[in-house]
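An overview of the molecular structure
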Amino acid sequence: MEALIEYGERMVERGLRLIPVGEYGAEDVVESDGFGGGPFALRVLLTVSNGTMVADFRGSAPQASGGINAVSAITTSCVKYVVRCVVEALLGQTLPAGGGEMRAVRLVLPARSIVAAELPASVAAGNVETSQRITDVLFAALATALPELIPAESQGTMNNLTVGGIDSRTGASYAYYETAGGGMGASPQGAGLSAVHVHMSNSLNTPIEALEHSYPFRVRRYEVRRGTGGAGVHNGGDGIRRDIEILAEADVNVLSERRTTRPHGLAGGVDGAAGENVLIRNGEEQVLESKFSIRVQPGDILSLRTPGGGGWGISAGQ
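None of these values were measured; they are calculated from a predicted model. (Residues numbered from 1 in each chain as written. Predicted model: local features only at pLDDT ≥ 70, side-chain atom pairs only at ≥ 80, totals over all residues. Heavy atoms only, no water.)

1. A word on the overall build of the protein
A count of helices and strands for the protein gives four helices and 13 strands. For the protein, the C-alpha radius of gyration of 20 Å lies close to 20 Å, the compact-globule estimate for 318 residues. Looking at the protein as a whole, 53% of its 318 residues are labelled buried. Accessible surface for the protein amounts to roughly 13900 Å². Of this, 53% is attributable to carbon and sulfur atoms. (Helix = DSSP H or I, 4+ residues; strand = E, 2+ residues; numbered from the N terminus. Rg over C-alpha atoms; globule rule 2.2 N^0.38 Å. Buried < 20%, exposed > 50% of the residue type's maximum accessible area, 1.4 Å probe, protein only. Areas by Shrake-Rupley, 256 points an atom, 1.4 Å probe, with all protein chains shown as cover.)

As structure tokens, then:
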């Protein structure tokens, strides 16, 4: 095992040497914390030199009142994920599982910040939402160093939906939690995929038949949001629309991002469309915040409309 870890370390160092020496910075925001705060800045400066990388997150926002804070372990995981993606692409080889300890990569994390939260900060969305933005900002920084490799931004959210209540069919309590796919960012190699999970997310969707069998739900629409991917030489992937009618009174909670900001295109590509959370009651639509908790009535429809991915390159029609 020690030999395998050392092998991974050598591969990481060799891959980092293929990134041009320099400093590469980027910034983005987490839109809100669900308690009236936001936007919250996320900043990174990557310093690459002699087979090493320093990821400096100083300048990122202090930890928030709401649950968007990421602990240092989450931020470390995001950095290692991005490094692994880039190193494997540059080397044309797959790192061993775990990729070693990545001793060549060092993090600078400001204490009690949105990327290194400490007690008593709430961290519920740090893993499922802020992790996506940390990944986005890291890739954005590397796009300057590796313009022919790095893709445009993907949907940048997991669109977390939780529903709980009493199943009117059985009288039993239930709890449902699921995430939703969206658009993948386009890259120099090709268009982004539509209706998929990207980066810090890996769940599969529940088939409609299974969902309606297990819960007091009826899926009214489930489709690709055509045209939500950004245009470019290569277009970004499209998001999805999923309308779920709740058949019994229930509590609904959503944690999402990219509702006021849009996934950025790259190399002149157009940004992907923002997502929307919509409550449909008696045929009327009410746009909700990116993070909310509400009580719904029988017949209410929650419509999750997820973001598209950014486009890559300037197309002739732009």
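2. Points about the pattern of salt bridges
With the rule as written, the count across this model stands at 24 salt bridges. Of the charged contacts in the structure, one is a salt bridge between R133 and D136, with a shortest N-O distance of 2.6 Å. Residue R133 and its partner D136 are both found in helix α3 (residues 126–145); the two are separated by three residues, about one turn of the helix. Residue classification places R133 among the buried positions, given a relative accessible area of 1%. Assessed through its relative accessible area of 3%, D136 is described here as buried. Three or more residues are tied together by salt bridges with common partners; here these are D28, R133, D136, E153, E257, R258 and K291. (Salt bridge = Lys/Arg side-chain N within 4 Å of Asp/Glu carboxyl O.)

3. Some words on the nonpolar core
Counting residues in each nonpolar core, the largest one holds 47 residues, and the members touching the most others are L16, I19, V83 and L138. Elements with a minimum of two residues in this core: α1 (2–16), β1 (22–30), β2 (40–49), β3 (52–56), α2 (72–91) and α3. Examining the composition of this core, we find that nine residues originate from one element, α3, more than from any other. Excluding anything up to four places from it in sequence, L16 contacts V48, G51, T52, M53, V83, V87, A104 and V105. Judged by nonpolar contacts, the second largest core, of 19 residues, contains Y176, F217, I246 and L279. (Core = buried A, V, L, I, M, F, W, Y, C linked by side-chain atoms within 4.5 Å. Contact = heavy atoms within 4.5 Å.)

4. Things to note about the packing of aromatic side chains
What the rule picks out here adds up to six aromatic pairs. Relative to F139, the ring of Y81 lies with its centre 6.5 Å away and its plane at 90°, an arrangement referred to as edge-to-face. Within this pair, whereas Y81 is found in helix α2, its partner F139 is found in helix α3, the two being separated by 58 residues in sequence. Under the relative-accessibility criterion, F139 is labelled buried at 8%. Arranged with centres 6.0 Å apart and planes meeting at 75°, the rings of Y174 and F217 form a pair that is edge-to-face. Linking Y174 in strand β6 (residues 173–178) with F217 in strand β7 (residues 217–225), this pair joins segments that are 43 residues apart in sequence. Counting every residue linked through ring pairs, the aromatic cluster contains Y174, Y176, Y215 and F217. Note that R242 overlies the ring of Y222, its terminal NZ or CZ placed 4.5 Å from the centroid. (Phe/Tyr/Trp six-rings, centres within 6.5 Å; stacked < 30°, edge-to-face > 60°. Lys NZ or Arg CZ within 6 Å of the ring centre and 35° of its normal.)

5. Section: the pairing of strand β10 (residues 276–281)
As defined by bridge partners, β10 adjoins strand β13 (residues 301–305) across five bridges and the pair is classed as antiparallel. When the bridges of β13 are listed, N277 appears paired with L304. Sheet topology note: the β10/strand β11 (residues 284–288) ladder contains five bridges and is antiparallel. Pairing of I280 across the sheet is with E285, part of β11. (Pairing = 2+ DSSP bridges.)

6. Observations regarding the sheet that holds strand β12 (residues 291–296)
Spatially, four strands are ordered β6-β5-β9-β12 in an open sheet, and the strand pairing comes out antiparallel. The sheet is open, and its two borders are formed by β6 and β12, each paired with just one other strand. Averaged over all adjacent pairs, the angle separating strand axes in this sheet is 10°, with direction ignored. (Axes fitted to C-alpha atoms, helices over the stretch in contact; angles between N-to-C directions.)

7. Observations regarding the side chain of S256
Tracing the backbone through its elements, the reader meets S256 in the loop between β9 (250–255) and β10. Looking at S256, its side chain comes within polar contact range of the side chain of N277, at 3.0 Å. Apart from residues lying up to four places away in sequence, S256 is in contact with E129, T157, N159, N277, S290 and K291. (Polar contact = N/O pair within 3.5 Å; in protein donor to acceptor, adjacent residues only side chain to side chain.)

8. What to know about the packing of α1 against α2
One can describe the packing of α1 onto α2 by two numbers: an axis separation of 9 Å at closest approach and a directional angle of 75°. As the angle between them shows, α1 and α2 are arranged roughly perpendicular. Side by side, α1 and α2 meet where M11, V12, R14, G15 and L16 of the first sit next to V83, V87, L90 and L91 of the second. Along the lines of polarity and charge, the residues of the contact of α1 with α2 split into seven nonpolar, one polar and one charged. (Parallel < 35°, antiparallel > 145°, perpendicular 65-115°, else oblique. Nonpolar A, V, L, I, M, F, W, Y, C, P; charged D, E, K, R; others polar.)

9. Here we look at the packing of α2 against α3
To describe two helices that pack against each other, one gives the angle between their axes and the distance between the axes. Where α2 meets α3, the axes come as close as 9 Å, and the angle between the chain directions of the two elements is 40°. Between α2 and α3, the angle falls in the class oblique. The handedness of the crossing between α2 and α3 is right-handed. Contacts from I74, T75, C78, V79, Y81, V82, C85 and V86 of α2 reach α3 at G126, N127, S131, I134, T135, L138, F139 and L142. For the contact of α2 with α3, the residue count by class is 11 nonpolar, five polar and no charged. (Left-handed = near helix turned anticlockwise from the far one by under 90°.)

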